[in-house]
Each structure stands twice: as structure tokens, then as C-alpha cells.
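Notes for the structure review
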Amino acid sequence: MKNQLKILSLLIFIILITVSCEEESFVPTYESPKDDMILVEGGTYVMGDWLLPYALDSATSEGQNIKDITSDLRHGVDLTFDMRTQHTVTVDSFYMMSTEVTYELFDVYCYEMKGKLNHDGWEGDSDYGPTNWGRGNRPVVWVTWMDAVAFCNWLSVKDGLEQCYEVFGTDVRWVRGTNGYRLPTEAEWEYAARGGKYIPTINDGHGWLYSGCVDGAAEDTCYPGDPEYYQEYSEMFPNGYHTDRYINKEVMVDKFLTLKSYAWFNLTSGWQDKDMPETDNGSTHPVGTKLPNNLGFYDMAGNAWEWCWDWWSEGYYNYCQNNPKECINPRGPDSPGDINASYSKVLRGGSWGNYPVFLRTTFRFFSMKAHFTTMSNPTFQYANFRTGIRLVRDVE
């Protein structure tokens, strides 16, 4: 009998320990991000890229997961076609999270609202199984734009603030003047990434090329007459272009040394070779482990792409240049079709798996992927193992 009681006591102890460990490990504790937000003082700056065009070696095949399509779905070679019209923009002051939203915070939302956690790595395919990179302090990925909106509203209620968004199916309206959490506009995001009110004093007045630093624009700069210059590009890029040809990190040991201190990208994240399977070719890393920019923001270059509020339009910068009154706190086209906007939302900042050009403070990515969607579909539902979020709040 005594032995049975001992065994029963031991089983009860094991069960209690197991439950305790599960609660500690899997039920996240909510901590408000309010105190983690940095004031970005408003100001005026010249938005847009100032460098030579960035060109691929050749047009990629349809279905490539890369920004290589123009608004009429033509696959091209110019990755910076939508960001080179510079225009003067003014933004009001706002608060922004110092880091990207982590699993530690997003998991609380998932437990309370979704009933399913976002995956923390590559989800696998028919050839390779899924990978798990870890949760906790890593940036949450697999976030759709609609997920981001719902998360903002949930977080606002959690902290006793006003919700910024009214949601009607996939129709989302931004209620201006509310004090809750929201996605940054493109103009706000680029302003904070390039250095805020200090932009005129950085890099000959341009601000940071990569958030926090200035480094090479690309592996190669090709001018007409150079041996590596593609003559078929002579009409498209008569003044030359930038490009990256490296296919693995071994040949880049002595390149982008400054950027490597500030960003998780394909030369620092564990990426080995462009032809290696995704199952073991880089990952996200804990936020705040690289150097911040001058305002105190981490990972605005690399780690995870960050959703913005704006609909993407190839011609929006031209519109702003010709309509300067629209450049005070701009928030992009009102809806798809307005200013030729597509059914795509803007992503900024680059990710752990990208080449340096994608990490530029001026680089505009968008959620359209030819192998997932067409122009007529709501592609802001797109997400993958590189898409995350960083939130802002208005200054009251």
C-alpha cells in the first residue's frame, strides 16, 4: 500500500510539474508595448530614392517571389522603378515601436482572438518538412495585412485606447484622430528609417541609405563602356545601374561590413546560397540584437518585412510631385483604382533573406506575387515567412 501511495504521489507531482511548465512555456503574459514606443518629431523631407536604378541581370521567369512585375504584370529587370520620383513630404509627430512586433506579444493576441498561432519558420513543401526558428523575442512572421489591422484594434482595446480601424469584411477604414495603435504610412516609415528630423544632416542631406548606416548601394555599379555592362540595357539605363550578382555569402566576406552590423539579411542571417532549399537557408533573429538607427529603432533594415497602411501605386510618387498639397501627412491612394493603385499593400524594410537593395530605406515592396494572385484579387491577404509588423500611434 505504501508503495502504491508513493507511486501515486510521484504521478501527481509529475502532472503538476508538467502543467506548470506548459503554462509557463505556452501561455504568454501580456506586456503593453506603450513604454517601448519612441517619439518621432515631425518634419519635412524629400521622399524617394536618389541613386542609379537597380537592375537584375535578366528578367526573371513568371512566378518568381521577387518584385519584378510592373503594374500591367510585365516582368522586368528594374527593381526601383516605383521609388525614384523624389518629392517633398511633411509628416506630423508620432510614436513608433522601437522593434518589430514579436511572437511574445502576438501570441497573446492569437490565444485570445485567433485560436491558432502563427508559424515560426518555413512551412515546408512537398520536398522538405517545416522548420521552427523559435518564438519569444523573434519578430512574428506569416502576418497578413488584415491580421495586422485586427491586431492593432485588439491591442488598442487591451491598452484602453481607441480603435483606429473600422472593418467591414475586407474594407478597412482608418478613423483619423484616434489614439490607438495603427500601421505606419509609407511616408512615416521612411521618415523614421532615414533619420527623422536629422535627415538634412545625414549623408549629404539624404538620410540613411540603410536605416542607421550608409554602405554600398550594391555589389556592382555598371556604367556604359564597362565590360560587365549589359548593352541591351543601354536605352533603359543610359547612365548606368546598380546590381548584385553574388550567389552565396562566401564571396561577400569583405563587402557590406557596415550594414552587417545593423541588419539581419542574407549575408548575416544564416543564408548560404541562393540555390539551397529554404528549409536550412537563413532565418529571423531576436529583435534588437543589431545596432539601432540614430532615433533608436532596431531592425528597420532586415529581419522581417513591415506592413504599411498604403495601397501600392506605381505612379503615386509622380502624383505627389505634381500635387504638393497632397504631400502633407500623405497616406497613399484611397482605394484600388485611385491613382492607378493595385489591390496590393506596401511592405517596407526588407527581411532576413533579402539582398541589400531590398533593405534600403527608400525601397518599396508590395504584396502582389504572380504565383499567388492577379491584379484583381485582394493580395493584401498575402503573407509568408518574411512578413511582419511594427506599429505606431498618434501624438495626443
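We now turn to the structure provided with this report.

Reading guide: rules and limits
Residues numbered from 1 in each chain as written. Predicted model: local features only at pLDDT ≥ 70, side-chain atom pairs only at ≥ 80, totals over all residues. Heavy atoms only, no water. Pairing = 2+ DSSP bridges. Helix = DSSP H or I, 4+ residues; strand = E, 2+ residues; numbered from the N terminus. Contact = heavy atoms within 4.5 Å. Axes fitted to C-alpha atoms, helices over the stretch in contact; angles between N-to-C directions. Buried < 20%, exposed > 50% of the residue type's maximum accessible area, 1.4 Å probe, protein only. 1 Å grid on protein atoms, 1.4 Å probe; cavity = no way out; pocket = protein on both sides within 12 Å on 5 of 7 lines; lining within 4 Å. Points joined across faces, edges and corners; volume = space filled by probe spheres on them. Nonpolar A, V, L, I, M, F, W, Y, C, P; charged D, E, K, R; others polar. Parallel < 35°, antiparallel > 145°, perpendicular 65-115°, else oblique. Core = buried A, V, L, I, M, F, W, Y, C linked by side-chain atoms within 4.5 Å.

Quick look at the sheet that holds strand S7 (residues 181-182)
Note: strands within a sheet are paired through backbone hydrogen bonds, in either parallel or antiparallel orientation. Read from one edge to the other, the open sheet built from four strands follows the order S1-S4-S14-S7, with strand pairing classed as antiparallel. Looking at the sheet topology across the chains shown, the edges are occupied by strand S1 (37-40) and S7. Pairing of S1 with strand S4 (residues 94-97) involves four bridges; the strand directions are antiparallel. Bridging across to S4, Val-40 finds its partner in Phe-94. Across the sheet, helix H4 (residues 186-194) lies against S1, S4, S7 and strand S14 (392-394), angled at about 70° from S4, the strand it touches most.

Observations concerning the environment of Phe-94
Mapped onto the secondary structure, Phe-94 falls in strand S4. Put simply, Phe-94 and Glu-396 are 302 residues apart on the chain and 8.9 Å apart in space, counted from C-alpha to C-alpha. Those residues in contact with Phe-94, other than ones at most four positions away along the chain, are Ile-38, Leu-39, Val-40, Glu-188, Tyr-191, Ala-192, Val-392, Arg-393 and Val-395.

Re the pairing of strand S2 (residues 43-47)
The side-chain alternation of S2 yields one buried face, formed by Gly-43, Tyr-45 and Met-47, and one unburied face, formed by Thr-44 and Val-46. Alignment of S2 against strand S3 (residues 87-91), held across five bridges, turns out to be antiparallel. Within S3, the residue paired with Thr-44 across the bridge is Thr-90.

Description of empty space enclosed by the protein
Using the criterion set out here, one finds one cavity of 30 Å³ or more in the structure. There is about 40 Å³ of room inside the largest cavity. Considering the residues around the largest cavity, the lining is formed by Met-47, His-87, Glu-186, Ala-187, Asp-310, Tyr-316, Tyr-317, Cys-320 and Pro-330. The biggest single contributor to the lining of the largest cavity is helix H6 (residues 316-322), with three residues. Among the residues forming the lining of the largest cavity, the class breakdown is six nonpolar, one polar and two charged.

Details of the packing of helix H2 (residues 103-114) against helix H3 (residues 145-158)
Geometrically, a packed helix pair is captured by the angle between its two axes and the distance between the axes. The N-to-C vectors of H2 and H3 enclose an angle of 90°; their axes lie 11 Å apart at closest approach. Comparing their axes, H3 and H2 come out roughly perpendicular. Judged by residue contacts, Leu-105, Phe-106, Val-108, Tyr-109, Glu-112, Met-113 and Lys-114 of H2 engage Asp-147, Ala-150, Phe-151, Trp-154, Leu-155 and Lys-158 from H3. Across the contact of H2 with H3, the residue classes break down as nine nonpolar, no polar and four charged.

So, the nonpolar core
By size, the foremost hydrophobic cluster in this structure holds 92 residues, and its most contacted members are Phe-151 and Ile-389. Considering each element in turn, this core owes the most residues, eight residues, to H3. The residues contacting Ile-389, other than those within four sequence positions of it, are Glu-100, Val-101, Phe-106, Val-140, Val-143, Ala-148, Phe-151, Leu-183, Trp-305, Glu-306 and Trp-307.

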